[in-house]
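Chains, contacts and geometry: an overview
So you can see what is in the structure, the chains are spelled out below.
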Amino acid sequence: MRVVRCKLERRQAIVEIGLQKFVPSARNLQSQDAATAFPVNRYRALIDTGAQRTCLSRSTIAIENLSSHGKRAIQNVHNQQLHRLYFINLGFVCEIERPDGGDNDVSYYAMETPCEVINIADNEYFDAILGMDILEQFDFRFHKTGEFLLQIP
């Protein structure tokens with residue numbers, strides 16, 4: 001079983017994610033060095049069960065050189081604001097639990113389909129917010145010790 005296992009930081013559930021710029025015709029591109037053709041960059045993401053959509057900070061969008069494909073009015077707790085829309089390939093840095101109880105292997109799980117995200121202001125503690133559009137695809141548990149677990153299918 002693949003799991004993302006973390007501990008609360010400042011009462012926030014933060015996980016390590018990976019993302020790539022979504023390129024619609026990626027399978028048709030040719031590269032001499034497949035390892036550097038589409039690197040996966042790691043970022044810190046806040047798990048937010050109150051957020052309906054997944055978000056990326058403006059600085060993360062700039063680092064990844066993402067291109068917006070539109071705008072949408074999004075309602076937040078205060079008001080409705082216009083946000084830019086982006087597509088990304090999203091994944092998780094996870095552990096593969098060994099049935100024999102030995103040390104877990106670290107792996108990367110990439111989601112099968114691209115994810116549409118919106119832009120948010122920069123934050124010093126995290127680079128992204130994982131909303132229910134992503135979280136609904138996984139089992140998720142908090143423990144009273146402050147540890148939490150995201151189970152990857």
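Above this note sits the structure.
All of the points below concern the structure found in this document. (Residues numbered from 1 in each chain as written. Predicted model: local features only at pLDDT ≥ 70, side-chain atom pairs only at ≥ 80, totals over all residues. Heavy atoms only, no water.)

1. Observations concerning the pattern of salt bridges
Any two side chains of opposite charge can pair, given that their charged atoms come close. Condition: Any Lys or Arg side-chain nitrogen found within 4 Å of a carboxyl oxygen on Asp or Glu counts as a salt bridge. Helix and strand assignments come from DSSP, with helices taken as H or I runs of at least 4 residues and strands as E runs of at least 2, each series counted from the N terminus. For the exposure calls, accessible area comes from a 1.4 Å probe over protein chains only, and a residue counts as buried if that area is under 20% of its type's maximum, exposed if over 50%, partly exposed in between.
Counted by the stated rule, this structure contains 4 salt bridges. Between E9 and R44 there is a salt bridge whose closest N-O contact spans 2.7 Å. Residue E9 is located in the loop between β1 (2-7) and β2 (14-21), and its partner R44 is located in strand β3 (residues 41-47); the two are separated by 35 residues in the primary sequence. The partner of E16 in a salt bridge is R42, and the shortest N-O contact between them spans 3.5 Å. Placement of the pair is E16 in strand β2 and R42 in strand β3, with a sequence separation of 26 residues. Taking relative accessible area as the criterion, R42 reaches 53% and is therefore assigned exposed. The structure contains a network of salt bridges with shared partners spanning R53, R72 and E116.

2. Some remarks on the environment of G70
The cut-off we apply is this: Residues are treated as being in contact if the distance between any of their heavy atoms lies within 4.5 Å.
Mapped onto the elements of the fold, G70 is located in strand β5 (residues 70-75). When the C-alpha positions of G70 and I118 are compared, they lie 9.9 Å apart, and in sequence the two are 48 residues distant. Not counting residues within four places of it along the chain, the set of residues in contact with G70 comprises H83, R84 and L85.

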